[in-house]
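Fold and geometry: a report
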Amino acid sequence: MSPRWTARAAALPLRQLHLAGGGLLMILCAALWFYALRAPLAQLRTVRAEHARLAQAGSDPRLLQAQLAQLGVDSEALARKLGGAQLGVAGPIAPLVVQLIGDVNRLARQHRVALRGSTPAAEQKTLVFTQYGIDAEASGSYADLLAWMEAIEHSRPNLAIDRFEMRPEEASGAIHIRLRIAAYRPLEPTP
């Protein structure tokens, strides 16, 4: 500190020096709180709340067993729906349909399209290939829907948009689309 500053500080009354020091200390404490302590303490509260929630849920094994049984029933129903013969999807095609639904959903999120639902379409066979696919419903802006459809067709060489139907939604102003996404697989030669 320079001698000039020291002389000026010595000339101040002791009460003003104590107030200035206290103010500086309060500013330092506030900065420490806002920049160093507040975020970690909030994270600690979140971790403790999550720990308490997990401890409460894990304390009753019967509740966990009931939830596990319900998940098993739901997954079996979904497997029957996705791989069931009533929809025309069976055998080696079922995993391909599930993968196709996942890919279409991923592309919808990338293009800001709200995918409202997708169901497996009936399998169709010709002399050369097997056509399988999904019927999907989505909504979004016109440009986003066109980009999404283009991305679907370019995602794999065996995918195509078989048919689609667009109409405007009155309430939101978005465009609603129904489409069939078809995938083609060559038939395996029979011996």
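So, how was this worked out
- Residues numbered from 1 in each chain as written.
- Predicted model: local features only at pLDDT ≥ 70, side-chain atom pairs only at ≥ 80, totals over all residues.
- Heavy atoms only, no water.
- Helix = DSSP H or I, 4+ residues; strand = E, 2+ residues; numbered from the N terminus.
- Buried < 20%, exposed > 50% of the residue type's maximum accessible area, 1.4 Å probe, protein only.
- Contact = heavy atoms within 4.5 Å.
- pLDDT = per-residue confidence, 0-100.
- Salt bridge = Lys/Arg side-chain N within 4 Å of Asp/Glu carboxyl O.
- Pairing = 2+ DSSP bridges.
- Patch = residues over 30% accessible without salt bridge, like charges linked within 9 Å, V, L, I, M, F, W, Y side chains within 5 Å.
- Areas by Shrake-Rupley, 256 points an atom, 1.4 Å probe, with all protein chains shown as cover.
- Axes fitted to C-alpha atoms, helices over the stretch in contact; angles between N-to-C directions.
- Parallel < 35°, antiparallel > 145°, perpendicular 65-115°, else oblique.
- Left-handed = near helix turned anticlockwise from the far one by under 90°.
- Nonpolar A, V, L, I, M, F, W, Y, C, P; charged D, E, K, R; others polar.
- Expected span 1.5 Å × (residues − 1).
- Arc of directions from axis to C-beta.

**Focus on the overall build of the chain**
Assigned secondary structure in the chain consists of 5 helices and 5 strands. Reading the chain from its N terminus to its C terminus gives the helix and strand order α-α-α-α-β-β-β-α-β-β. The buried share among the 191 residues of the chain stands at 22%. Sequence separation of 24 or more characterises 58% of the internal contacts of the chain that already satisfy a separation of 6 or more.

**Observations concerning the confidence of the model for the chain**
Of the residues in the chain, 89% reach a pLDDT of 70 or more, and the chain-wide mean stands at 83. In the predicted structure, residues 85–90 sits below a pLDDT of 50 and forms 18 contacts with residues beyond four places in sequence or in another chain.

**Quick look at the pattern of salt bridges**
For the coordinates displayed, the defined rule picks out 8 salt bridges. Arg180 is the salt-bridge partner of Asp135, the closest N and O atoms lying 2.7 Å from each other. Of the two residues, Asp135 is situated in strand S3 (residues 129–140) and Arg180 in strand S5 (residues 175–186); the sequence distance between them amounts to 45 residues. Note on Asp135: relative accessible area 27%, which makes it partly exposed. Given a relative accessible area of 13%, Arg180 falls into the buried group. Between Arg163 and Asp162 there is a salt bridge whose closest N-O contact spans 3.5 Å. For Arg163, a relative accessible area of 47% translates into the label partly exposed.

**Section: the pairing of strand S4 (residues 159–168)**
Inspection of the sheet shows S4 paired to S5 by 9 bridges, in the antiparallel sense. Paired with Glu165 across the strands is Arg178, a residue of S5. Adjacent in sequence and paired antiparallel, S4 and S5 are bridged by 6 residues, among which Gly173 carries a positive phi angle near 80°.

**Concerning a nonpolar patch on the surface**
A cluster of nonpolar side chains, namely Leu32, Trp33, Phe34, Tyr35, Leu37, Leu41 and Leu44, defines an oily patch on the protein surface of about 730 Å² accessible area. Here Leu41 is to be found in helix H2 (residues 14–57). Using a relative accessible area of 33% as the deciding quantity, one classes Leu41 as partly exposed.

**Here's the deal with the packing of helix H4 (residues 93–110) against helix H5 (residues 142–155)**
It is at 10 Å that the axes of H4 and H5 come closest, and there the two elements cross at 140°. Considering their axes alone, H4 and H5 lie oblique with respect to each other. Our pair here, H4 against H5, has a crossing hand that is right-handed. Across the interface between the two elements, Val104, Leu107 and Ala108 of H4 pack against Trp148, Ala151, Ile152 and Ser155 of H5. Counted by class, the contact of H4 with H5 contains 6 nonpolar, 1 polar and no charged residues.

**A few points about H5**
The terminal C-alpha atoms of H5 lie 20 Å apart, and with 14 residues this matches the ideal 20 Å at 1.5 Å per residue to within 8%. Those residues of H5 that fall on the buried side of the exposure criterion are Asp144, Leu145, Trp148, Met149, Ala151 and Ile152. Mapping the buried residues of H5 onto a view down its axis gives an arc of 160°, with all of them on the same face. Exposed positions of H5 whose direction lies more than 90 degrees from the buried face are Ala143 and His154. For H5, the secondary structure elements touched by its buried residues are H4, strand S1 (114–120), S3, S4 and S5.

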